[in-house]
Amino acid sequence: MKIHITEKQKSVAVCTVWVFFTCLLLTIIVWRFSSLVAIIQKVIRVLSPVIWGLVFAYLLSPLQNWIEKQLAKLTDRKKEHPVLKRVCAVTITILLFLAALAGIIAMLLPELIESVRTLFNNLPDYLKNMGEWVFSHIAGLKETQPQIYDSIISGLQSLQDKLVGFVTEFEPKVDSLISGANFITTLTSSAYAFFNGVMNFLLGIMVAIYLLYNKERYLAQIKKILYALFPQHRVHSTLRIGSRVSYTFMHFISGKSLDSLIIGILCFIGLTIMDMPYVALISLVVGVTNIIPFFGPFIGAIPSAFLVLIAEPSKLIPFVIFILVLQQFDGNFLGPKILGDSLGLPTFWVLFAIFIGGGLFGFIGMVAFVPLFAALYTFTKEFLAERLSRKGMPCDTESYMSGELVYAETPVDAETLADEINEGKETTNDDNA
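Residues numbered from 1 in each chain as written. Predicted model: local features only at pLDDT ≥ 70, side-chain atom pairs only at ≥ 80, totals over all residues. Heavy atoms only, no water.

Visitor: How should I be thinking about the environment of Trp 349 in this particular structure?
Guide: Positionally, Trp 349 belongs in helix H14 (residues 347–390). A sequence separation of 28 residues divides Trp 349 from Tyr 377, and the C-alpha atoms of the two residues are 8.7 Å apart. (Helix = DSSP H or I, 4+ residues; strand = E, 2+ residues; numbered from the N terminus.)

Visitor: Can you help me understand the nonpolar core in this one?
Guide: In a soluble, globular protein the nonpolar side chains are often hidden away together inside. Counting residues in hydrophobic clusters, the biggest one holds 25 residues, and the most contacted among them are Cys 267, Leu 271, Tyr 278, Ile 282, Phe 319 and Ile 323. Those elements giving two or more residues to this core turn out to be helix H4 (82–138), helix H10 (232–273), helix H11 (279–289), helix H12 (296–311) and helix H13 (316–339). The biggest single contributor to this core is H12, with seven residues. In this structure, Phe 319 is in contact with Leu 271, Met 274, Met 276, Ile 282, Ala 301, Ser 304, Ala 305 and Val 308, ignoring residues within four places of it in sequence. Listed in part, the 16 residues of the second largest apolar core include Phe 249, Ala 353, Ala 368 and Val 370. (Core = buried A, V, L, I, M, F, W, Y, C linked by side-chain atoms within 4.5 Å. Buried < 20%, exposed > 50% of the residue type's maximum accessible area, 1.4 Å probe, protein only. Contact = heavy atoms within 4.5 Å.)

Visitor: Would you explain the side chain of Gln 327 in this entry?
Guide: Among the structural elements, Gln 327 can be located in helix H13. With residues up to four places along the chain from it excluded, the contact list for Gln 327 reads Val 286, Asn 290 and Pro 297.

Visitor: In this structure, what is going on with the packing of aromatic side chains? I would like to understand it.
Guide: Geometrically, a pair of aromatic rings is defined through the distance of the ring centres and the angle of the planes. All told, the structure shown has seven aromatic pairs when counted by the stated rule. With a centroid separation of 5.6 Å and 80° between ring planes, the pair formed by Phe 56 and Phe 201 is classed as edge-to-face. Of this pair, Phe 56 sits in helix H3 (residues 48–75) while Phe 201 sits in helix H8 (residues 191–213), and the two are 145 residues apart along the sequence. Judged by relative accessible area, which is 25%, Phe 201 ranks as partly exposed. Ring pairs connect the aromatic residues Trp 52, Phe 56, Phe 97 and Phe 201, which therefore count as one cluster. (Phe/Tyr/Trp six-rings, centres within 6.5 Å; stacked < 30°, edge-to-face > 60°.)

Visitor: Please clarify how unusual backbone geometry should be interpreted in this entry.
Guide: Trans is the common state for peptide bonds, and a negative phi is the common state for residues other than glycine. Located in the positive-phi region is Asp 275, a residue other than glycine, with phi close to 55°. Within the secondary structure layout, Asp 275 lies in the loop between H10 and H11. We classify Asp 275 as exposed; its relative accessible area is 52%. Positioned with a positive phi, Tyr 278 is a non-glycine residue whose angle comes to about 55°. Looking at where Tyr 278 falls in the secondary structure, it is placed in the loop between H10 and H11. Judged by its relative accessible area of 9%, Tyr 278 falls in the buried class.

Visitor: Can you walk me through the confidence of the model for the chain in this structure?
Guide: Chain-level statistics for the chain give a pLDDT mean of 76 and a share of 77% at 70 or above. Considering each helix and strand of the chain separately, the mean pLDDT is smallest for strand S2 (residues 410–412), with a value of 44, and largest for helix H9 (residues 215–229), with 89. Considering only residues more than four positions removed or in separate chains, one finds that residues 406–414, a stretch of pLDDT under 50, has 16 contacts. Under a pLDDT of 50 for its full length, residues 424–433 has, in the predicted model, zero contacts with residues more than four places off or in other chains. (pLDDT = per-residue confidence, 0-100.)

Visitor: Mind showing me how you'd approach the pattern of salt bridges here?
Guide: Pairing is possible between side chains of opposite charge, provided their charged atoms come close. For the coordinates displayed, the defined rule picks out five salt bridges. Residue Asp 259 is joined to Lys 256 by a salt bridge in which the shortest nitrogen-to-oxygen separation is 3.9 Å. In this pair, Asp 259 and Lys 256 are both assigned in helix H10, three residues apart and thus about one turn of the helix distant. Lys 256 matches Asp 259 in its accessibility class, with the two residues each being buried. Measuring nitrogen to oxygen at the nearest pair gives 3.7 Å for the salt bridge that ties Lys 315 to Asp 275. Highlighted residues: Lys 315 in the loop between H12 and H13 and Asp 275 in the loop between H10 and H11, separated in sequence by 40 residues. A relative accessible area of 17% places Lys 315 in the buried class. (Salt bridge = Lys/Arg side-chain N within 4 Å of Asp/Glu carboxyl O.)

Visitor: Could you clarify how one ought to interpret the packing of H11 against H12 in this entry?
Guide: Helices that pack against each other are described as a pair by the angle of their axes relative to one another and the distance between those axes. Here H11 crosses H12 at 165°, and the two axes come no closer than 7 Å. Put simply, H11 runs roughly antiparallel to H12. In this structure, H11 meets H12 at a crossing whose hand is right-handed. Taking contact as the criterion, the partners of Leu 281, Ile 282, Val 285, Val 286 and Thr 289 in H11 are, on H12, Gly 296, Pro 297, Ile 299, Gly 300, Pro 303, Ser 304, Leu 307 and Val 308. Of the residues belonging to the contact of H11 with H12, the class tally is nine nonpolar, four polar and no charged. (Axes fitted to C-alpha atoms, helices over the stretch in contact; angles between N-to-C directions. Parallel < 35°, antiparallel > 145°, perpendicular 65-115°, else oblique. Left-handed = near helix turned anticlockwise from the far one by under 90°. Nonpolar A, V, L, I, M, F, W, Y, C, P; charged D, E, K, R; others polar.)

Spelled out as structure tokens, the structure:
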């Protein structure tokens, strides 16, 4: 006896299988979470060169495309010697990247090492000067508010003891690390980690070269696999989402990096003119943390202000005023000019993305999750607008802020709307049958 299975029954069966495997997967994740995390970490360690290569290739691809366009303009023919142009473009891209990285390290590393050494050596004197400065400004509270005075003195003394203990414990390690005589010995003690990091970086560069040279072929292979495994309309949606995520992420990262670089340079110039301490160290902290949306300026300003406070307390107020002016300039003028409204993400979702990304992946997650959430938010917004348009309902949020829903320009209650939608579904199912 032949059993006939309708398309609806097939869909239900497939959906049931997917739900079963999804529940099974969630159960495994919950009960074996620690083992799963260990496996993922091991896989990431093994694939570190490939991951580095993917990151390098993705970030350097726009520069390679620009160099190829310039080479095409020089020859006046885009298809003349394509292999030679690709080899030249990839070579120039990698050399520029390595030169820029080496230049940044050569300029900043000696200054940062000297700043850290000076900070550790002078920290006891800084704490003593800061204590005297605080005592001189709160001396009037000793007679009028003795409890507040005693609390401030106790807190300051506790802070001094902790910082002095920290310096006593770690100063020999810092001196051995940054002194030329013991530098090789220090590296030898952690030779495996250092060698492994260098090898991953070099292998990542090699992987990036291969990816940049044949990127069109690799992308075509990915599309080929997707079209072979999934329905055509789902592949179209996946590629559209990937394109949107890539554009938003690249535009945000490139724009924010340029913005942070300019802020770091302006901070360096301003602090040099104001004769502030630890100019290079503070400028680097302010510039790097500025990449983080919303919280970045605060994350960079607080430790920088503390450095100024312990080094030269009298310059704390001018420093805070300068940082506030610099961040206002960045938030109201420089940032919008460079980035525009590239994210289009409400403040709540920016905070949500920072919390999730920072909790999972630290600093990198705080930076990367914001553009990813922005792309996801845009796609979800478009998807909901399309679904609502098919139902004849408004797409703007304001229409749903009242107690009534608007359907086909006419207010209706939720029960009537549900009946109409159900009737429409039944009619559609009958037509499909």
